[in-house]
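Examination of the molecular architecture
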Amino acid sequence: MSINGGVAVKLVNLTKYYGKFLAVDHLNLEIYDREIFGFLGPNGAGKSTTLLMITTVLRPSEGTAYVYGVDIRKDPDRVRQMVGIAFQDPKLYWVHTPYEILYWHARVCGYSSSEARQVVKEVLTRFDMWEARRKRAFELSGGMRKRVEIAKVFIQRPRLAIFDEPTAQIDVSGKHMIWEMIKELRDEGSTIILATNELYEADVLSDRVGIIYKGRIAALGTPQELKDTIPGGDVLEIDLDRPPSDEVVRRIEAEPEIVEVRRMNQRIRMYLNRVEEVLPRILAMLMESGYRVKRVDMREPTLDDVFLHYTGVKLVKEE
Ligand SMILES: Nc1ncnc2c1ncn2[C@@H]1O[C@H](COP(=O)(O)OP(=O)(O)OP(=O)(O)O)[C@@H](O)[C@H]1O
Ligand SMILES: [Mg+2]
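It should be emphasised that the depicted structure is a prediction, and the values quoted were computed from it without experimental measurement.

1. A look at the overall build of the chain
Along the chain, the regular secondary structure elements total 12 helices and 14 strands. By principal-axis analysis of the C-alpha atoms, the chain measures approximately 75 × 45 × 40 Å. When each of the 319 residues of the chain is scored for burial, the buried share is 35%. Restricting the contact set of the chain to residue pairs at least 6 apart, pairs at least 24 apart contribute 68%.

2. A few points about the sheet that holds strand β9 (residues 208-213)
Strand order in the open sheet formed by six strands is β6-β7-β8-β3-β9-β10, with mixed pairing between adjacent strands. Each having just a single partner strand, β6 (83-86) and β10 (216-221) make up the two edges of the open sheet. Ignoring which end each strand starts from, the neighbouring axes of this sheet average 15° apart. Bridge count for strand β3 (residues 36-40) against β9 is four bridges, and the pairing is parallel. Bridge pairing in β9 links Leu40 to Ile211.

3. Observations concerning the domain arrangement of the chain
Looking at the chain, the domain boundaries give domain 1 (2-92 + 140-227) and domain 2 (231-300). Each of domain 1 and domain 2 was reduced to a C-alpha centroid, and the two centroids are 41 Å apart.

4. Things to note about the environment of Arg274
Tracing the backbone through its elements, the reader meets Arg274 in the loop between β13 (267-272) and α11 (275-288). Counting along the chain gives 35 residues from Arg274 to His309, while the straight-line C-alpha distance between them is 19 Å.

Parameters at a glance
Residues numbered from 1 in each chain as written. Chains lettered and ligands numbered in written order. Predicted model: local features only at pLDDT ≥ 70, side-chain atom pairs only at ≥ 80, totals over all residues. Helix = DSSP H or I, 4+ residues; strand = E, 2+ residues; numbered from the N terminus. Buried ≥ 20, exposed ≤ 12 C-beta atoms within 10 Å, placed from the backbone. Contact = placed C-beta atoms within 7 Å. Pairing = 2+ DSSP bridges. Axes fitted to C-alpha atoms, helices over the stretch in contact; angles between N-to-C directions. Domains from an automatic or database assignment.

Below you can see the structure in the form of structure tokens.
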């Protein structure tokens with residue numbers, strides 16, 4: 001992506017204070033042309049504030065951003081022509097229907113009336129909103145309202161498309177539909193910025209992820225690169241027929257690739273490197289010591305493990 005396309009968005013010391021509170025702290029970041037960039041962070045991290053500055057809704061306190069080379073502070077009108085955003089909390093006009101909202105949006109985006117009718121029908125159908133097209137906005141459910149907001153971006157098909165927590169109120173099949181459409185939009189040439197606090201969404205959709213925490217970028221890379229940077233990056237769990245002895249735990253800890261061992265009743269959880277080399281030795285040792293192995297589970301680290309590693313806090317509460 002970086003190789004073909006160059007830079008779509010460049011943040012230079014981008015900063016926002018609300019009063020004395022520093023919400024976005026001197027961000028420096030490049031988002032590449034035609035990538036899906038996931039902005040992952042917990043509530044209050046500064047995601048929306050950053051996106052609202054990029055879209056010229058909020059003015060930065062310090063620093064700036066460039067959208068395809070255009071400075072958001074110097075030429076906001078030109079920036080707005082290139083950018084479309086689906087807001088986290090859509091504010092629809094209450095008296096209008098989904099059909100009217102999208103039809104007028106299409107006209108503003110330059111479609112003729114017959115083209116507008118066609119594209120609105122296509123998008124409403126795809127969003128499973130055709131039947132609800134004549135409901136008034138106050139009669140829509142939260143998820144339906146969100147669908148209308150997101151649909152606007154798919155009508156506009158902007159060069160830079162920004163989605164602020166697009167699937168937060170959306171049901172499972174709706175999520176998959178929106179993820180597919182976001183990928184199609186990227187494949188057709190748009191650059192996508194996606195703010196989310198959902199690990200799975202960031203992981204499956206993003207070409208690169210920036211983890212944002214307290215207004216700063218804590219980590220940046222492809223999901224795989226990020227997972228690979230964690231020491232003890234493989235997770236191995238073994239269930240035994242009885243709780244392991246101290247001796248067994250000590251012998252596991254003595255393995256050079258083991259970073260951490262946790263004992264939970266009959267289960268041993270290990271954070272380690274090169275699990276494929278270590279696992280046979282551990283299994284042999286357990287069997288020699290007279291244990292029966294009831295279950296072995298290996299998993300890759302998740303972005304939650306990455307988040308924990310870089311911020312010291314977990315994004316998801318332990319079950
Ligand atoms: N209009 C405002 N006035 C004062 N403080 C604000 C305002 N908007 C946001 N903040 C504060 O700025 C910080 C960042 O908020 P922001 O909405 O950018 O976070 P976020 O990452 O989008 O969170 P979420 O996942 O909840 O949407 C928070 O501490 C928030 O309380
Ligand atoms: Mg937000």
